[in-house]
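Structural features, examined
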Amino acid sequence: MEILENTFSKISSVVKSQLYPFIKLRDLSLLSYTFENFFGHVIKENNIKVLGHHFSNRQIEGLTLIDSRDRISLSYEKENPVVRQNFTKCHELGHYLLSHKGSVFTELKANQTSPEEVEANYFSACLLMPDIVLLSKIYYQKSSFQEVANSLQVSYEALNIRLIDLLTYLTGESKESVIQTVHRYQSRDNRKILESFAKVHDSIVSEYNSYDPRPVEKLSYLLSQKDFVTDKEVSELSQTKFRRTVSSASVGTWAYYDKGIAIFYAWNKEKLTEGQAYQKAKDIYYLS
Ligand SMILES: [Zn+2]
């Protein structure tokens, strides 16, 4: 039991530390969250191929393959219901982001209980149904169990397990009583689950607030959006050490000085020349 709780909190932290800054940087709405934004981003950044497969007996739910040149592909059984496909996709992504050792991961229909499979399942559940999103939908929006499952594109079974795991872990109540609470919620009586979320509300919110994007991530995201960023948006640009860290073949940093005022800036070298970036900083100086 204790080992499982440790696994749960470890995996849940891995997901939150990547997902929460991702949501904040892009200003994504918590109420219309689905796993797809984050999933699509990781796939693209890492050149991962995502494929549907079909085996006549549907014994293989999912597969991750990493070849000798570190090219990764993951696949899912395309005849499965969409909610099952989603769970498999996030499970496979879990093997990758949790750096599980190996080059082939195969999900068989029969339950798998190795530690890595348990971890990948937790990972998938946390990515499909993040704490802060469940809080927003269940506690603030007062959505029904069925609405939550449908909007997050997960099965009732997956939502059921996720709520039991999360509330048992956070409230410290016995699993039996949490199972009752979730069961009532599924039968359209949300009184008990609202009480439970009221208890854990503060810890979910303060955790969400604690995972801010790192300045480096913020800069890199902003540069991908608009090629030129000043220390008004990323204040760390005024620090020499930070500028040194982020300067590279594709990112330039410099400062425009005039009459005791400095504008520190960074630019995307693939889109702007040094002179164009300098001119932009100068324009900002004269316009401000
Ligand atoms: Zn697996």
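Because the structure is a prediction, the values reported are computed rather than measured.

So, on to the coordination of the zinc ion. Donor atoms from the polypeptide that bind the zinc ion are H91 (NE2), H95 (NE2), E107 (OE), E107 (OE) and E117 (OE), placed at 2.0 to 2.3 Å. The class for H95 is buried, based on a relative accessible area of 1%.

On to the packing of aromatic side chains, then. Throughout the structure, instances matching the rule amount to 15 aromatic pairs. A centroid spacing of 4.8 Å and a plane angle of 75° characterise the contact between Y20 and Y208, whose relative ring orientation is edge-to-face. Taken together, the residues Y20 in helix α1 (residues 2-26) and Y208 in helix α9 (residues 191-210) connect sequence positions 188 residues apart. The class of Y20 is buried, set by a relative accessible area of 0%. A network of ring pairs unites the aromatic residues Y256, Y278, Y285 and Y286 as a single cluster. Residue placement shows K24 over the ring face of Y208; its charged tip is 4.8 Å from the ring centre. A cation over an aromatic ring shows up here: K142 above the ring of Y139, its NZ or CZ 5.7 Å from the ring centre.

Bringing the domain arrangement of the protein into the picture now. Structurally, the protein comprises domain 1 (34-129), domain 2 (130-213) and domain 3 (215-287). Its C-alpha centre places domain 1 at a distance of 39 Å from the equivalent point of domain 3.

The rules behind the values
- Residues numbered from 1 in each chain as written.
- Predicted model: local features only at pLDDT ≥ 70, side-chain atom pairs only at ≥ 80, totals over all residues.
- Heavy atoms only, no water.
- Donors = N, O, S within 2.8 Å, 3.2 Å for Na, K, Ca; no water.
- Buried < 20%, exposed > 50% of the residue type's maximum accessible area, 1.4 Å probe, protein only.
- Phe/Tyr/Trp six-rings, centres within 6.5 Å; stacked < 30°, edge-to-face > 60°.
- Helix = DSSP H or I, 4+ residues; strand = E, 2+ residues; numbered from the N terminus.
- Lys NZ or Arg CZ within 6 Å of the ring centre and 35° of its normal.
- Domains from an automatic or database assignment.

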